[in-house]
Amino acid sequence: MSSLITRWLDSDVGYSFRNSPTAIVAAAIAFVCIFCAVFAGWVSPHNPFDLTKLELSDARLPPAWYPDGKSTYLLGTDDQGRDILSALIYGARISLVVGVVSVILSVLVGVVLGLVAGFKGGWIDTFLMRLCDVMLSFPAILVALLIAGVGRALFPDAHESLAFGVLIIAISLTGWVQYARTVRGSTLVERGKEYVQAARVTGVSPLRIMLRHVLPNVMGPVLVLATIQVATAIITEATLSFLGVGVPPTSPSLGTLIRVGNDYLFSGEWWITIFPGAMLVLIALSVNLLGDWLRDALNPRLR
């Protein structure tokens, strides 16, 4: 493992990372957020969703540095007496899982369709690109809101896992288009190069050419786009949860925490909504900065 890290640090991308303070800070922030989200059960001081341990008498307590605050609740409590810091850690885990899984699903669908459209051409290319145009004609949040709303209406008493599945599909169906168009454009360039023509002459099957020859050469832009789209997916999930059609209320994400705190924003309990909003901005900003660095690192003309 150490040798792999050493080789990566000595590579061009590793050198670019070591000489980019912005990328280092963004990576550190993203790592801390991901670590806390993954190990929420060990990192968080309380379990904010254990109803047996909630004290309504501790509801809407200010942060610990206020005179009325308690040291056991560093960032204060919400209207149900849940620890804000613990709720942030658990909420970030939900937002990150939904965002990452939806991006992975979008990448799989978009890369496959874009690769087929660019390599095959003809009516397949025309049909898939017109489908992309139709998807792009509608706002992404509107499509996600429609799908999530319809899914919740069709399965009102569905299990929590099914609700998460509907939310992930809703975000994925609005995100695959960019990957498909990106891969399609790169594939149109690659399929006319000599190594592809040589593979065809030697009798290599089209499927093998696409997977073994063309695909590795078109994945650079996809990696950059996927990194940036993780932040977009997290914000989309938070928006849907804020509107009440996201994750179930029993498993609130950052968007749900912001929606709950919004009712108390002008009554003095600002910490209930400000801290979840700051956490969402911090995650999205760090991921976006990493995506910008990766774009420059993978493109020699931008170094």
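Residues numbered from 1 in each chain as written. Predicted model: local features only at pLDDT ≥ 70, side-chain atom pairs only at ≥ 80, totals over all residues. Heavy atoms only, no water.

**Q** Help me understand the overall build of the protein in this model?
**A** Helix and strand counts for the protein stand at 13 helices and zero strands. Along the protein, from the amino end to the carboxyl end, the secondary structure elements read α-α-α-α-α-α-α-α-α-α-α-α-α. A principal-axis box enclosing the C-alpha atoms of the protein has dimensions of 75 × 50 × 30 Å. Taking all 303 residues of the protein together, 44% fall into the buried category. If you take every contact in the protein between residues at least 6 apart in sequence, the share linking residues at least 24 apart comes to 70%. Carbon and sulfur atoms form 67% of the exposed surface of the protein, whose accessible area is close to 16,000 Å². Mean positive and mean negative side-chain charge positions of the protein (21 and 20 charges, respectively) differ by 15 Å. (Helix = DSSP H or I, 4+ residues; strand = E, 2+ residues; numbered from the N terminus. Buried < 20%, exposed > 50% of the residue type's maximum accessible area, 1.4 Å probe, protein only. Contact = heavy atoms within 4.5 Å. Areas by Shrake-Rupley, 256 points an atom, 1.4 Å probe, with all protein chains shown as cover. Lys, Arg positive; Asp, Glu negative; His and termini not counted. Charge placed at Lys NZ, Arg CZ, Asp CG, Glu CD.)

**Q** It is not clear to me how the packing of helix H11 (residues 206-242) against helix H12 (residues 254-262) should be interpreted in this structure. Could you clarify?
**A** For any two helices packed against each other, the geometry is given by the interaxial angle and the distance between the axes. Packing of H11 against H12 leaves a shortest axis separation of 7 Å and a crossing angle of 40°. On the basis of the axis angle, H11 is oblique to H12. The way H11 lies across H12 gives a crossing that is right-handed. Across the interface between the two elements, Ala 238, Ser 241 and Phe 242 of H11 pack against Gly 255, Thr 256, Ile 258, Arg 259 and Asn 262 of H12. Residues that form the contact of H11 with H12 fall into these classes: three nonpolar, four polar and one charged. (Axes fitted to C-alpha atoms, helices over the stretch in contact; angles between N-to-C directions. Parallel < 35°, antiparallel > 145°, perpendicular 65-115°, else oblique. Left-handed = near helix turned anticlockwise from the far one by under 90°. Nonpolar A, V, L, I, M, F, W, Y, C, P; charged D, E, K, R; others polar.)

**Q** Is there a simple way to explain the packing of aromatic side chains in this structure?
**A** Geometrically, a pair of aromatic rings is defined through the distance of the ring centres and the angle of the planes. Inspection of every chain in the model, using the stated rule, returns 10 aromatic pairs. Pairwise contacts between aromatic rings join Trp 65, Tyr 66, Trp 270, Trp 271 and Phe 275 into one cluster. (Phe/Tyr/Trp six-rings, centres within 6.5 Å; stacked < 30°, edge-to-face > 60°.)

**Q** Before we go on, may I ask you to explain the pattern of salt bridges in this structure?
**A** Side chains that differ in charge, positive against negative, can pair when their charged atoms come close. Here the structure, examined in full by the defined rule, presents seven salt bridges. Arg 295 is paired through a salt bridge with Asp 296; the nearest N and O atoms lie 3.2 Å apart. Asp 296 gets classed as partly exposed once you look at its relative accessible area, which sits at 27%. Three or more residues are tied together by salt bridges with common partners; here these are Arg 130, Asp 133 and Arg 181. (Salt bridge = Lys/Arg side-chain N within 4 Å of Asp/Glu carboxyl O.)

**Q** Honestly, the nonpolar core in this entry has me stumped. Any pointers?
**A** Counting 54 residues, the largest nonpolar core has Leu 88 and Ile 283 as its most contacted members. With 14 residues, the top contributor of residues to this core is H11. Apart from the residues lying within four places of it in its own chain, the contact partners of Leu 88 are Leu 75, Leu 254, Leu 257, Phe 275, Pro 276 and Met 279. (Core = buried A, V, L, I, M, F, W, Y, C linked by side-chain atoms within 4.5 Å.)

**Q** Quick question: what am I supposed to make of the packing of helix H5 (residues 84-120) against helix H6 (residues 122-136) here?
**A** Two numbers describe how H5 lies on H6: the axes approach to 7 Å, and their chain directions differ by 140°. Between H5 and H6, the angle is such that the two are oblique. When the axes of H5 and H6 are compared, the crossing they make is left-handed. On H6, the residues touching Leu 113, Val 116, Ala 117 and Lys 120 of H5 are Gly 122, Ile 124, Asp 125, Leu 128 and Met 129. Tallied by class, the residues present in the contact of H5 with H6 amount to six nonpolar, one polar and two charged.

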